[in-house]
Amino acid sequence: MASTRTLSPRFAYKGDRLKPLRAFCQTARLGSVSRAAEALYLSQPAVTLQLQALEREMGVRLLERSGRRLALTREGEALYELARPLVEGLDALDGIFRERIRGLDAGELNVAAGSSTILYLLPKIVEAFRAAHPEVRLTLHNVTGAGGLDLLRSDAVDLAVGSMLDVPGDLSYAPVYRFEPMLITPRDHPLAKLEPLTLQDLSPYGLILPPQRLTTYRMVDLVFQQNRVPYTVALEVGGWEVIKQYVAMGLGISIVTAICLTEADRARLSARSLAEYFPSRSYGVVVRKGKYLSPQARAFTELIQPALFERGDYYATGQSDR
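The sections below set out a description of the structure shown in this document. Please read these numbers as outputs of a predicted model, since none were measured by experiment.

What counts and what doesn't
Residues numbered from 1 in each chain as written. Predicted model: local features only at pLDDT ≥ 70, side-chain atom pairs only at ≥ 80, totals over all residues. Heavy atoms only, no water. Helix = DSSP H or I, 4+ residues; strand = E, 2+ residues; numbered from the N terminus. Buried < 20%, exposed > 50% of the residue type's maximum accessible area, 1.4 Å probe, protein only. Pairing = 2+ DSSP bridges. Axes fitted to C-alpha atoms, helices over the stretch in contact; angles between N-to-C directions. Core = buried A, V, L, I, M, F, W, Y, C linked by side-chain atoms within 4.5 Å. Salt bridge = Lys/Arg side-chain N within 4 Å of Asp/Glu carboxyl O. Parallel < 35°, antiparallel > 145°, perpendicular 65-115°, else oblique. Left-handed = near helix turned anticlockwise from the far one by under 90°. Contact = heavy atoms within 4.5 Å. Nonpolar A, V, L, I, M, F, W, Y, C, P; charged D, E, K, R; others polar. Phe/Tyr/Trp six-rings, centres within 6.5 Å; stacked < 30°, edge-to-face > 60°. Expected span 1.5 Å × (residues − 1).

Note that the residue after E195, namely P196, is joined by a cis bond; omega there is -10 degrees. Among the secondary structure elements, P196 is positioned in the loop between β7 (181-186) and α9 (199-202). The backbone of D155 sits at a positive phi, close to 60 degrees, despite the residue not being glycine. By the element assignment, D155 lies in the loop between α8 (145-153) and β5 (159-162). Under the relative-accessibility criterion, D155 is labelled partly exposed at 41%. Unlike most non-glycine residues, R228 shows phi in positive territory, near 55 degrees. Position of R228 among the secondary structure elements: in the loop between α10 (215-226) and β9 (232-236).

Here's what the structure looks like:
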């Protein structure tokens, strides 16, 4: 029984379509086998064989002699119109690719981060990135944690930098830095030199805390509740700089993360570790799981920590190390 399967045409000459098409395009452009061979750094017989093989495959005459030149037949003109952009595109591929690689230093990078991260953690990283990639337009989106995750999920930002307690299944979190919880008071406050310092010792003093919607407030409340220690909030205000200023003025005490304490702060405030009662806070990079990081984003994460996200990690289940 005869087979009805349609066989793909076989190309006999060394099984390579590009070489005969390149020879054909050069011959059509230059009007001469000898000039085409010279342009391709081939011998004339080699070019002739490639042209003959192409005509056999197409089943038509592609070139004909017109005086001292070779001219395209009607079929040859149709093939030349199709083949020329393909051949020229492939021949230019290497140069275009190298230009594209060089262009990776341009483009843009969008990073989501909270105020404390932008103010205390990112300045040296941003400075190094700008020095290494001055052509990249870098945008820091100052948002809360939930806002940063929304931007990640909508691909409005390439990555987020900050602290996470719980990591949703669609995101990957790579913690890099860890900071202790610190009690800050005025330098002459009774708690400044009290030994030993217990959680109960903080109870009589009003706390200055960030808004309730933020992680710090929730963590402080949880620890006091678990230890059955009463506490009062004297003032609720956003921003570590504002909190430190109000503590220095004697309006209350606060529990902050060590990331926000500078040398200047230690000259006006007393800072003591509360690591015995409160967990330390990790800060790191958050990406959408499965998202391929752009060269700009990879360059930024390399400054935070080399090889922070290997390709396999994009698909790993991201969990906080808490």
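Let us look at the sheet that holds β7. Taken in spatial order, the three strands make up an open sheet running β10-β7-β11, and their pairing is antiparallel. With partners counted over all chains shown, the strands left at the sheet margins are β10 (254-257) and β11 (269-273), one partner each. Across the sheet, the axes of successive neighbouring strands diverge by a mean angle of 35 degrees, strand direction being ignored. Two strands pair when backbone bridges link them, and β7 and β11 are joined in this way by five bridges, in the antiparallel orientation. Within the sheet, the bridge partner assigned to I184 lies in β11 and is A271.

Moving on, we come to the sheet that holds strand β6 (residues 171-179). Pairing is mixed across the open sheet formed by five strands, whose spatial order is β4-β3-β5-β12-β6. Single-partner strands in this sheet number two, and they are β4 (137-142) and β6. Across the sheet, the mean angle separating the axes of adjacent strands is 20 degrees when strand polarity is ignored. Both β5 and strand β12 (residues 281-288) contribute to a ladder of three bridges, which runs antiparallel. Opposite V161, over in β12, you have V285 as the bridge partner.

What follows covers the nonpolar core. The tendency in soluble globular proteins is for nonpolar side chains to be buried side by side. Of all hydrophobic cores here, the largest spans 37 residues; its most connected members are L109, L159, V161, V256 and F300. Ranked by residue count, the leading element in this core is helix α13 (residues 295-304), at four residues. The next biggest cluster of nonpolar side chains, apart from the first, holds 18 residues, and it includes V33, A37, L40 and L79.

Taken as a whole and judged by the stated rule, the model has 10 salt bridges. Ionic pairing is found between R22 and D91, a salt bridge with its closest N-O pair at 2.7 Å. Here R22 is found in helix α1 (residues 18-30), whereas its partner D91 is found in helix α4 (residues 74-91), with 69 residues between them in sequence. What emerges from the salt-bridge pattern is a single network uniting E241, K244, D265 and R268.

Okay, the packing of α1 against helix α2 (residues 33-40) next. α2 packs onto α1 with a crossing angle of 125 degrees between their chain directions and a minimal axis gap of 8 Å. By the angle class used here, α1 and α2 are oblique. The element α1 and its partner α2 pack so that their crossing is right-handed. Only V33, R35, A36, A39 and L40 of α2 make contact with α1, whose side of the interface consists of R22, A23, Q26, T27 and L30. Looking at the contact of α1 with α2, its residues break down into six nonpolar, two polar and two charged.

Orientation of α2 relative to helix α3 (residues 44-58), taken along the N-to-C sense of each, is 105 degrees, at an axis distance of 8 Å. Between α2 and α3, the angle is such that the two are roughly perpendicular. Contact residues: α2 offers V33, S34 and A37, while α3 offers Q44, V47, T48 and L51. Looking at side-chain class alone, the contact of α2 with α3 contains four nonpolar, three polar and no charged residues.

Attention shifts here to the packing of aromatic side chains. Under the defined criterion, the tally for this structure stands at five aromatic pairs. Between F179 and Y283, the aromatic rings sit 5.6 Å apart at their centres with planes inclined by 85 degrees, giving edge-to-face as the arrangement. In this pair, F179 is assigned in strand β6 and Y283 in strand β12, connecting sequence segments 104 residues apart. Accessibility classification places F179 together with Y283 in one group, the buried group.

With that settled, consider the environment of P20. When you line up the elements, P20 lands in helix α1. The class of P20 is buried, set by a relative accessible area of 0%. On a C-alpha basis, the gap between P20 and V47 in space is 7.7 Å, while along the polypeptide they are 27 residues apart.

A turn of α-helix holds 3.6 residues, and therefore any two residues three or four places apart point the same way. Over its 13 residues, α1 extends 18 Å from the first C-alpha to the last, a length consistent with the 18 Å expected when each residue adds 1.5 Å. Every buried residue belonging to α1 is among P20, L21, A23, F24, C25, Q26, T27, A28 and L30, and all of these are buried. Note on α1: the residue one or two positions beyond its end, G31, has a positive phi of about 75 degrees.

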